[in-house]
Amino acid sequence: MTLDQGLIFAVLAGLVALLVSGRVRYDVAAFGALIVSVALGLVPGNEAFSGFGHPATVTVALVLIVSRAMGGSGATDAIARMIAPATGRPSTHVGVLAGIGAGLSGFMNNVGTLGLMMPVALQTARKAGRAPGVVLMPLSFGAILGGLVTLIGTPPNIIIATWRGDALGEPFRMFDFTPVGLVTALAGIVFIATIGWRLVPARSAAEPADLFDIEDYLAELRVPEESPVVGATLAEISEKTSDIDAQIVGVFRRGRRLPMAAGRLPVEAGDVLLVETAPESLDSLAKAIGASLDSARGSEDVEAGDAEADDETGRASRLSGEDAVAMEVVVTPDSRLQDRTVDSLHLVRRWGVALLGVSRQGRPHRGRLREFRFRAGDVLLLWGDSERLAQLVQAYGALPLAERGVTIGRRIRPVLPVGLFAAAIGLAAFGILPIAVALGGAALAMVVLRVMPLRETYEAVDWPVIVLLGALIPVGGALETTGATGLIAKGILDVTFGLPAAAVVVLLMVVTMTLSDVLNNAATAVVMAPIAAELGERLSVSPDPFLMAVAVGASCAFLTPIGHQNNALILGPGGYGFGDYWRMGLPLEILIVAVAAPAILVVWPL
């Protein structure tokens, strides 16, 4: 092993360690790996940022833009709502959700597909009397499987296709992935619908600590001087409001939480009551005790009579108007809410929106809301004007879960965006234009024809993923230029010595799949693509089956919530634990290897 090879392995090991630890976001870690690689002389300085103009990076950005326009058109909503008749039995409910998610994901970004389908899944589960955990993991896995079917279904396919074009002169085309991807996706969905959903730990109603009920939140009510409950004890208040489905679980006085014995003490004006309740019951309780929503007053503590306080009180008063609605949203892995505290957002002052409550992994937060720090998967209950709520959700990159009278985004005739998208796919499929150029033309037409505002076009791009790709593509190139890919390929061949090349394809898929469970799928594809080509060259066979094995393996991350953004998104709404994913994910990955590897060898012979 040369010095450069040792250094590039050290850089990659450090990158993986940072990503697994979760202490540094993946785009920051990837950009740091790029800078270190340039400083060590592993990546030439004049090529440091070449990855940001790479066709794979550009194509991923354009797919995200077109996906946003498609989602905003309402076309996918109409398809999603067709599942209602199939919710009678769990197997059909799960199967139809996973199937529609897979179908949409073949032509849309799979995270966007999950975002569109998750509210429908939650609403139908609620009506069918099923816990969200029963349907959300199958939906997430189905959307991931659907991405295998086309070139634009998932970033690993785009990366593998463009890498083949750079290395061999001709990229994979739009539907080159379809024969293998379709067979694999169908097998996976059948498994999910018949066996897989049964393997997810049941969130029984008999175990409320484990059951995620989207309706249960912790809210804050401030007791004003004129409230009829001033001087009453919590026991007396509970008796007075016994017909309301709400429970007072704590009291704060002058910023300090009172001990449980405070239940026997009289309530004073200015006290903040922590209430666990459904949003429909919260307003009834507030009216019954003459209290106001404390979180609607904002995170700022200002003196009475202060001009800013007057302005904020005015905003807060509008929150209880006729136009006010509640909306449940989930914090996405790339949301601007990540690692922010409630206090730092100033929601009322900036947006006229109140945070009523938060829930993490199915459990309501039992502390002061303003001290809460958001993480991916947290579910928030927001209250305010429907238009302002929509603006806030878009600005912070959150994902609406349950719409309560709120319509996010515009609703336009779906014919135009669908037609533009279909035209781009046709031009790429027939080789008339490269996929990046075709999608770029579609995105441009959507902006010019006002299908989507220019501002939303930039917001649609998942910039952390773009930074990840732009940074890691040169690092992946350093693997090849230093000869590190040859060392890895030799190690794989040593392990499979004496076995046919088909066994190498299987092992490569397993290794890629394992790496993707702890590393971002796009990063996994960047690292493994040159290794796949090196294996084909050393075995004197076509590199295509090895590249396809990497494409399938990189996309199929089902063992952990960190392997794919979809898995992270459902963690909170589904009430899952970290160890729940492998229960369905491990047999699913085994099935995928058993189905995809033979299919690859038939469609792409050695």
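This structure is a prediction, so every number in the text was calculated from the model and none was measured.

Q: Go over the overall build of the protein chain with me, naming the residues and quoting the values.
A: Broken down by element type, the protein chain carries 25 helices and ten strands. Here the protein chain holds 606 residues, and 57% of them are scored as buried. Long-range contacts, defined as pairs at least 24 residues apart, comprise 79% of the intrachain contacts of the protein chain with a sequence gap of at least 6. When the accessible surface of the protein chain is summed, it comes to about 24,300 Å², and 61% of that surface belongs to carbon and sulfur atoms.

Q: Which residues make up the pattern of salt bridges, and what are the values?
A: One pass over the structure, following the stated rule, counts seven salt bridges. Here Glu 268 makes a salt bridge to Arg 253, at a shortest N to O gap of 3.5 Å. Placement of Glu 268 in the loop between strand S3 (256-257) and strand S4 (272-277) and of Arg 253 in strand S2 (residues 246-253) is noted, with a sequence separation of 15 residues between them. With relative accessibility at 34%, the residue Glu 268 sits in the partly exposed group. Linking Glu 534 and Arg 538 is a salt bridge whose minimum nitrogen-to-oxygen distance equals 3.2 Å. Here Glu 534 pairs with Arg 538, and both are found in helix H22 (residues 521-538), just four residues apart, close to one helical turn. Judged by relative accessible area, Glu 534 falls into the buried class, the value being 18%. Three or more residues joined by partner-sharing salt bridges are found here, namely Arg 253, Glu 268 and Asp 271.

Q: Describe unusual backbone geometry, listing the residues and the values that go with them.
A: Positive phi is not limited to glycine here, since Asp 339 has a value of about 65°. The residue Asp 339 is located in the loop between strand S6 (324-330) and helix H13 (342-345) in this model. Within the chain, Arg 450 stands out as a residue other than glycine whose phi angle is a positive 60°. Looking at the secondary structure, you find Arg 450 in the loop between helix H17 (435-448) and helix H18 (454-460). A relative accessible area of 75% means that Arg 450 is categorised as exposed.

Q: An account of the environment of Ile 65 is requested, with residue identities and associated values reported.
A: Tracing the chain through its elements places Ile 65 in helix H3 (residues 55-72). Of the residues examined, Ile 65 reaches a relative accessible area of 9% and is grouped as buried. It is 9.2 Å that separates the C-alpha atoms of Ile 65 and Met 452, two residues lying 387 residues apart in sequence. Those residues in contact with Ile 65 that sit more than four places away from it in its chain are Ala 443, Met 452, Thr 457, Ala 460 and Val 461.

Q: Requested: an account of a nonpolar patch on the surface, with residues and values cited.
A: The grouping of Leu 427, Phe 430, Ile 432, Leu 433 and Val 437 at the surface amounts to a nonpolar patch, some 490 Å² of accessible area in total. Considering the arrangement of structural elements, one finds Leu 433 in the loop between helix H16 (415-429) and H17.

Q: Residue-level account of the nonpolar core, with values.
A: In this structure, Met 118, Ile 152, Ile 192, Leu 508, Met 509, Leu 535 and Ile 592 are the most contacted members of the largest nonpolar core, which totals 135 residues. Element by element, the count of residues in this core is highest for H22, at eleven residues. Ignoring sequence-local partners within four residues, the contact set of Leu 535 consists of Ala 489, Ile 492, Leu 493, Val 504, Leu 508 and Phe 546. Counting 23 residues, the second largest nonpolar core, distinct from the first, contains Val 223, Leu 234, Ala 291 and Ala 354.

Q: How would you explain the packing of helix H7 (residues 132-146) against helix H25 (residues 581-603) if you had to name every residue and give the values?
A: At their nearest, the axes of H7 and H25 sit 11 Å apart, and the two run at 30° to each other. Considered as vectors, H7 and H25 are oriented roughly parallel to each other. As for the relative orientation of H7 and H25, their crossing is right-handed in sense. Contacts between H7 and H25 pair Met 137, Pro 138, Phe 141 and Leu 145 from the former with Tyr 581, Met 584, Gly 585, Leu 588 and Ile 592 from the latter. In the contact of H7 with H25, the residues fall into eight nonpolar, one polar and no charged.

Q: So what's going on with the confidence of the model for the protein chain? Which residues, and what values?
A: In the predicted model, the protein chain carries a mean pLDDT of 79, and 83% of its residues have values of at least 70. Contacts for the low-pLDDT stretch residues 403-411, under 50 throughout, to residues beyond four places or in other chains number 27 contacts.

About the thresholds
Throughout this document, residue positions are counted from 1 along each chain, in the order its sequence is written. Local features in a predicted model are, by the rule used here, given only for residues with pLDDT of at least 70; side-chain atom pairs are given and counted only at 80 or more, and totals for whole chains, interfaces and linings are based on all residues. Side-chain metrics in this entry use all non-hydrogen atoms of the structure; hydrogen atoms and water are not considered. What counts as a helix is a DSSP run of H or I of at least four residues, what counts as a strand is a run of E of at least two, and both are numbered from the N terminus. Whether a residue is buried, partly exposed or exposed follows from its accessible area with a 1.4 Å probe, protein chains only, as a fraction of its type maximum: under 20%, in between, or over 50%, in that order. In what follows, residue pairs with any heavy atoms lying within 4.5 Å of each other are defined as contacts. Here the Shrake-Rupley method, with its probe set to 1.4 Å, supplies the accessible areas, and only the displayed protein chains count as covering residues. A pairing counts as a salt bridge when a side-chain nitrogen of Lys or Arg comes within 4 Å of a carboxyl oxygen of Asp or Glu. Candidate patch residues must exceed 30% relative accessible area and have no salt bridge, after which like charges are joined if within 9 Å and Val, Leu, Ile, Met, Phe, Trp or Tyr side chains if within 5 Å. Residues belong to one nonpolar core when they are buried, are Ala, Val, Leu, Ile, Met, Phe, Trp, Tyr or Cys, and are joined through side-chain atoms within 4.5 Å. Note on geometry: axes are lines fitted to C-alpha atoms, helical ones only across the stretch in contact, with angles between N-to-C directions running from 0 to 180 degrees. Orientation categories follow fixed angle ranges, with anything under 35 degrees roughly parallel, anything over 145 roughly antiparallel, 65 to 115 roughly perpendicular, and all other angles oblique. Handedness of a crossing is defined here by the sense of rotation of the near helix relative to the far one, left-handed for an anticlockwise turn of less than a right angle and right-handed for a clockwise turn. For this classification, Asp, Glu, Lys and Arg are treated as charged, while Ala, Val, Leu, Ile, Met, Phe, Trp, Tyr, Cys and Pro are nonpolar and the rest, including Gly, are polar. Scored from 0 to 100, pLDDT records how confident the predictor is in each individual residue.

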